[in-house]
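# What the coordinates show
What follows is each chain in one-letter form.
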Amino acid sequence: MKHAIEARQTRRHPLVLRARSQKLPAFQASTIDLSDRGVRLNTTAPLPPNSIIPLEIDLEHGTAPLKVEGKVRWTLVEDGFQSGLSLESPCDRLTTFLM
């Protein structure tokens, strides 16, 4: 498998969480990892490059989902499809959750 060049400047946190959006295939995906600047998703179909995807990510049981927007930077075929999204704006709640 050919790996993409590492572009993140912050630490990745390997977390499998449910993500939902009307712009996702089957309206949902699962996270592979998160940072305070981006998310890698596992999806059932490729996401269009440069598209903006509003996401609701379930962080913890019993709490409101995290709402963020991500821009699709890349997609590759591996165990389905994986896409890297950069977050469009900082999210204090995500930064706190990842500490």
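The structure this text deals with has already been given above.
Rules and cut-offs
- Residues numbered from 1 in each chain as written.
- Predicted model: local features only at pLDDT ≥ 70, side-chain atom pairs only at ≥ 80, totals over all residues.
- Heavy atoms only, no water.
- Helix = DSSP H or I, 4+ residues; strand = E, 2+ residues; numbered from the N terminus.
- Rg over C-alpha atoms; globule rule 2.2 N^0.38 Å.
- Contact = heavy atoms within 4.5 Å.
- Areas by Shrake-Rupley, 256 points an atom, 1.4 Å probe, with all protein chains shown as cover.
- Lys, Arg positive; Asp, Glu negative; His and termini not counted.
- Charge placed at Lys NZ, Arg CZ, Asp CG, Glu CD.
- Salt bridge = Lys/Arg side-chain N within 4 Å of Asp/Glu carboxyl O.
- Buried < 20%, exposed > 50% of the residue type's maximum accessible area, 1.4 Å probe, protein only.

With that out of the way, let us pick up the overall build of the protein chain. Looking only at helices and strands, one finds one helix and seven strands in the protein chain. For the protein chain, the α and β elements follow one another from N to C terminus as β-β-β-β-β-β-β-α. Compactness check: the protein chain gives a C-alpha radius of gyration of 12 Å against a globular reference of 13 Å for 99 residues, within 12% of the reference. Along the first, second and third principal axes, the C-alpha atoms of the protein chain reach 35 × 30 × 20 Å. Contacts spanning at least 24 positions in sequence make up 47% of the contacts within the protein chain whose residues lie at least 6 apart. Of the accessible surface of the protein chain, which amounts to about 6200 Å², a share of 54% is contributed by carbon and sulfur atoms. Across the protein chain, 13 positive and 11 negative side-chain charges occur, with their mean positions spaced 3 Å apart.

Attention now moves to the pattern of salt bridges. Under the counting rule described, the total for this entry stands at six salt bridges. Residue Arg18 is joined to Asp58 by a salt bridge in which the shortest nitrogen-to-oxygen separation is 3.0 Å. Of this pair, Arg18 sits in strand E2 (residues 18–20) while Asp58 sits in the loop between strand E5 (52–57) and strand E6 (66–77), and the two are 40 residues apart along the sequence. Two residues, Glu56 and Arg20, come together in a salt bridge whose shortest N-O distance is 3.2 Å. Of the two residues, Glu56 is situated in strand E5 and Arg20 in strand E2; the sequence distance between them amounts to 36 residues. Residue Glu56 is classed as partly exposed on the basis of its relative accessible area of 27%. On the basis of relative accessibility, which here comes to 23%, the residue Arg20 falls in the partly exposed class. Each of Arg18, Arg20, Glu56, Asp58 and Lys67 takes part in one network of salt bridges that share partners.

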